[in-house]
Amino acid sequence: MRRKNARAHGLTDTLIGQGSIVEGKIQCESNVRIDGAFHGEIDCKGQVIVGESGEARSNIIGANIIVAGHVVGDISTKGKLTITSSGQVDGNVSVSKLIILEGGLLNGVSTMEKIIAVAPIKEKAQKTPQPEVG
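Reading guide: rules and limits
- Residues numbered from 1 in each chain as written.
- Predicted model: local features only at pLDDT ≥ 70, side-chain atom pairs only at ≥ 80, totals over all residues.
- Heavy atoms only, no water.
- UniProt positions renumbered as here; feature names shortened; annotations may be inferred.
- Helix = DSSP H or I, 4+ residues; strand = E, 2+ residues; numbered from the N terminus.
- Buried < 20%, exposed > 50% of the residue type's maximum accessible area, 1.4 Å probe, protein only.
- Contact = heavy atoms within 4.5 Å.
- Areas by Shrake-Rupley, 256 points an atom, 1.4 Å probe, with all protein chains shown as cover.
- Salt bridge = Lys/Arg side-chain N within 4 Å of Asp/Glu carboxyl O.

Looking at an unreviewed UniProt entry, one finds the chain named Polymer-forming cytoskeletal protein, with Paenibacillus motobuensis as its source organism. Quoted verbatim from the Sequence similarities (unreviewed entry) field of UniProt, the annotation for the chain is "Belongs to the bactofilin family."

Structure follows, in structure tokens:
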């Protein structure tokens, strides 16, 4: 059975390999993994992973974010931010779900917003005017 992910739609993940240094802005529809060094901005509709050897001096926006390396900058996701036992974030985070494993570090302010499902509004039954008895 094939998993439903970016590859199923013909998209390729982006990898910044160990030993690589990249500067600039990344905008992507699929996933990004950083095992090297990245300086700039990341705006990703998929998952963003900063591996154990990865360093991102960047503001990061992604669907779900996993930090096993070091991030210096702010993180924003409507999904889940996971900071692993080897991960460190120096910056503010705005997330709906936050997981920090034992040993993981967050040096900044966390803001969590619960995503509220909007229930349909039930219309009240309208009263029909009754003729006056007189």
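All right, on to the overall build of the chain then. The helix and strand inventory of the chain stands at zero helices and 15 strands. In the chain, buried positions account for 32% of the 134 residues. Nonlocal contacts in the chain, meaning residues at least 24 apart in sequence, comprise 2% of its contacts between residues at least 6 apart. Only carbon and sulfur atoms are counted for the fraction: they give 52% of the accessible area of the chain, which is about 9400 Å².

Structurally, Asp35 is set in the loop between β3 (32-34) and β4 (37-44). Along the chain, Asp35 and Ser20 lie 15 residues apart, while their C-alpha atoms are 8.1 Å from each other. Setting aside anything within four residues of it in sequence, one finds Asp35 in contact with Leu15, Ile16, Gly17, Gln18, Gly51, Ser53 and Gly54.

Applying the stated criterion across every chain yields a total of three salt bridges. One salt bridge connects Lys45 with Glu29, and the closest N-O pair in it is separated by 3.5 Å. Linking Lys45 in the loop between β4 and β5 (47-50) with Glu29 in the loop between β2 (21-28) and β3, this pair joins segments that are 16 residues apart in sequence. The class for Lys45 is exposed, based on a relative accessible area of 59%. Between Arg33 and Asp35 there is a salt bridge whose closest N-O contact spans 2.9 Å.

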